[in-house]
Amino acid sequence: MVLNYIWIAFFVVAFVIGLIQLLFFGNYDVFPAMMDSTFASSKTAFEISLGLTGVLSLWLGIMKIGEKGGVVNVLARLLSPVFCKLFPDIPKGHPVTGSIFMNIAANMLGLDNAATPLGLKAMEQLQELNTKKDTATNPMIMFLVLNTSGLTLIPVSIMVYRAQMGAAQPTDIFVPILLATFFSTLAGIIATSLYQRINLINRTMLLTLGGASVLVAAVIWGFSRMSKEEVDIVSTTTANILLMTIIVGFILAGVRKKVNVYDAFIEGAKDGFQTAVRIIPYLVAILVGIGVFRASGAMDWLIGGVKWTVEAVGGNTEFVGALPTALMKPLSGSGARGMMVDAMTTYGADSFVGRLSCIFQGSTDTTFYVLAVYFGSVGVRYTRHAVACGLLADLAGIIAAIAICYLFFN
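Residues numbered from 1 in each chain as written. Predicted model: local features only at pLDDT ≥ 70, side-chain atom pairs only at ≥ 80, totals over all residues. Heavy atoms only, no water.

## Some details on the packing of aromatic side chains
So, point 1. Under the criterion given, the structure shown has 8 aromatic pairs.
So, point 2. Ring geometry for phenylalanine 223 against phenylalanine 408: centres 4.6 Å apart, planes inclined by 45°, an arrangement best described as tilted. With phenylalanine 223 in helix H9 (residues 203-224) and phenylalanine 408 in helix H18 (residues 386-409), the pair connects residues that are 185 residues apart, well separated along the chain. Neither residue differs from the other here; phenylalanine 223 and phenylalanine 408 are each classed as buried.
So, point 3. Three or more aromatic residues joined by ring pairs form one cluster here, namely Phe223, Phe408 and Phe409. (Phe/Tyr/Trp six-rings, centres within 6.5 Å; stacked < 30°, edge-to-face > 60°. Helix = DSSP H or I, 4+ residues; strand = E, 2+ residues; numbered from the N terminus. Buried < 20%, exposed > 50% of the residue type's maximum accessible area, 1.4 Å probe, protein only.)

## Some words on the pattern of salt bridges
So, point 1. Counted under the stated rule, the structure contains 7 salt bridges.
So, point 2. Of the charged contacts, one joins arginine 294 and aspartate 342 as a salt bridge, the two residues approaching to 2.6 Å between their closest N and O atoms. You can see arginine 294 sitting in helix H12 (residues 280-295) and its partner aspartate 342 sitting in helix H15 (residues 333-347), a full 48 residues away along the chain.
So, point 3. The class for arginine 294 is buried, based on a relative accessible area of 17%.
So, point 4. Close ionic contact of aspartate 350 with arginine 355 constitutes a salt bridge, the shortest N to O distance being 4.0 Å. (Salt bridge = Lys/Arg side-chain N within 4 Å of Asp/Glu carboxyl O.)

## Details of unusual backbone geometry
So, point 1. Even without being a glycine, lysine 258 presents a positive backbone phi close to 60°.
So, point 2. With respect to the secondary-structure elements, lysine 258 resides in the loop between helix H10 (228-256) and helix H11 (261-278).
So, point 3. Even without being glycine, arginine 384 reaches a positive phi, approximately 55°.
So, point 4. Mapped onto the elements of the fold, arginine 384 is located in the loop between helix H17 (367-377) and H18.
So, point 5. Residue classification places arginine 384 among the partly exposed positions, given a relative accessible area of 45%.

## Looking at H9
So, point 1. With 22 residues, H9 extends 30 Å from end C-alpha to end C-alpha; this agrees with the ideal 32 Å at 1.5 Å per step.
So, point 2. All buried positions along H9 are accounted for by Met205, Leu209, Val216, Gly222 and Phe223. (Expected span 1.5 Å × (residues − 1).)

## Side note on the nonpolar core
So, point 1. Ile100 and Phe143 are the most contacted members of the largest nonpolar core, which totals 111 residues.
So, point 2. Setting aside chain neighbours within four positions, we find isoleucine 100 in contact with Phe83, Phe87, Ile90, Ala122, Leu126 and Phe143.
So, point 3. Core analysis: the second largest hydrophobic core is formed by 5 residues, Ala14, Met34, Val288 and Val292 among them. (Core = buried A, V, L, I, M, F, W, Y, C linked by side-chain atoms within 4.5 Å. Contact = heavy atoms within 4.5 Å.)

## Some thoughts on the layout of surface pockets
So, point 1. Counted as a void, the second largest pocket has a volume near 780 Å³.
So, point 2. Lining the second largest pocket are 28 residues, with Met108, Leu151, Leu153, Phe182 and Ala212 positioned closest to its centre.
So, point 3. Residue assignment for the lining of the second largest pocket shows that the elements contributing at least two residues are helix H3 (71-86), helix H4 (96-108), helix H8 (174-196), H9 and H10.
So, point 4. In terms of residue count, the dominant contributor to the lining of the second largest pocket is H8 (8 residues).
So, point 5. Taken together, the residues that form the lining of the second largest pocket break down as 24 nonpolar, 4 polar and no charged. (1 Å grid on protein atoms, 1.4 Å probe; cavity = no way out; pocket = protein on both sides within 12 Å on 5 of 7 lines; lining within 4 Å. Points joined across faces, edges and corners; volume = space filled by probe spheres on them. Nonpolar A, V, L, I, M, F, W, Y, C, P; charged D, E, K, R; others polar.)

## Considerations on the environment of leucine 146
So, point 1. Tracing the backbone through its elements, the reader meets leucine 146 in helix H6 (residues 138-148).
So, point 2. Aside from chain neighbours lying at most four places away, what touches leucine 146 is Phe83, Leu86, Phe87, Ile104, Leu151, Thr185 and Ile189.

## A short note on helix H2 (residues 30-68)
So, point 1. Under the 1.5 Å per step criterion, the end-to-end length of H2 is 53 Å for 39 residues, consistent within 8% with the ideal 57 Å.
So, point 2. In the segment just after H2, glycine 70 is the residue with positive phi, at about 90°.

## Observations regarding the packing of H2 against H10
So, point 1. Put simply, H2 and H10 touch, their axes get as near as 8 Å, and they point 45° apart. Between H2 and H10, the angle falls in the class oblique. Crossing of H2 over H10 shows left-handed handedness. Together, Trp59, Ile62, Met63, Ile65 and Gly66 of H2 and Leu243, Ile247, Phe250, Ile251 and Gly254 of H10 make up the contact between the two elements.
So, point 2. Residue composition of the contact of H2 with H10, grouped by class: 8 nonpolar, 2 polar and no charged. (Axes fitted to C-alpha atoms, helices over the stretch in contact; angles between N-to-C directions. Parallel < 35°, antiparallel > 145°, perpendicular 65-115°, else oblique. Left-handed = near helix turned anticlockwise from the far one by under 90°.)

## Details of the packing of H17 against H18
So, point 1. At a closest axis distance of 10 Å, the pairing of H17 and H18 adopts a crossing angle of 150°. The chirality of how H17 crosses H18 is right-handed. Mapping the contact onto sequence places Thr367, Phe368, Leu371 and Phe375 in H17 and Ala386, Val387, Gly390, Leu391 and Asp394 in H18.
So, point 2. Here the residues of the contact of H17 with H18 sort into 6 nonpolar, 2 polar and 1 charged.

## So, the confidence of the model for the protein chain
So, point 1. With 97% of its residues at a pLDDT of 70 or more, the protein chain shows a mean pLDDT of 85.
So, point 2. The least confident element of the protein chain is H4, whose mean pLDDT is 76; the most confident is helix H16 (residues 352-363), at 93. (pLDDT = per-residue confidence, 0-100.)

## Notes on the side chain of threonine 38
So, point 1. Of note, threonine 38 is situated in helix H2.
So, point 2. For threonine 38, a relative accessible area of 14% puts it in the buried group.
So, point 3. Dropping the residues within four chain positions of it, threonine 38 is found in contact with Val288 and Val292.

This is how it looks when you write it as structure tokens:
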């Protein structure tokens, strides 16, 4: 529903701005440019979707091997001690614990197709524990904030889009996204814990969150002492080594479980082809809307207004061009994806704005969409502090993404 209103707004605002440009500034080219953009954007959307097929099939095939090889189960066991502290209201040994672990682990691996059914199952089990069926419980809110904070180990789709848009090193945003999504998740956990009065000052949480924070601080400190050329080399090399390790590790996990890794790969690759075809109409719709909005001059007015404001307070304005992706992400995943593609098309995949838009896309999840789907599936109407905590996590992810992008790519 939100995306419906946003899509309508693109065309209505573009039409109004176009009339203003024509009547008050004598710009007779604005409406031809808007119509040309509809054809160009439609063609771009189809070409991107078609080009995604191969790489998407590759990665979803690898993910299917990892899924069948038990990697998700291993992650669930590793996360068990931490999650017991974050969900103190869930009875020990309750089946929902396993569903929550599996959902978070699948999300971390980028297994969206597996994560959503597991998440809906977890919400149904949490609703069984709920004494007020129309009101969100503390465990429900913590669970959804962990989802909306976007903790992902492998941002496959973003790397695929970068490859399709001609990035020299599609994986160069791998480490920055890991760092940005860490801050988003950490902020979400802290905010929700404060609301719910969960004590994070215990051995398990201090070791986990403290250790992760120290590791992230060490990574940032290390990169801050390097030149731009060294940062490019080290981050890209590290990303590629990690990704290759994951591929080989998934295959070996499948072999260990006596999985037919070739058949598992083919099964996942088929999903990749279907996914690439399925997103064509969505990508056409959002890119045409954005294209008309940009051709009318509305996008320039919006970015110009934000840029003027940032300059007025003495800030660096290089990041402003990527802000539409950040502002769209809490509302719509496909909308933000369209903004990301538009930023890479307009500024270049390897530009600062192009890279920052990708980090924005990977640093958080679609807060309102996740809340609507998960709460809606169990009939919860009163969400209490879920929206506030989710948006705080989004804000932390946006701020972290900007700072980290300046560190790595400025």
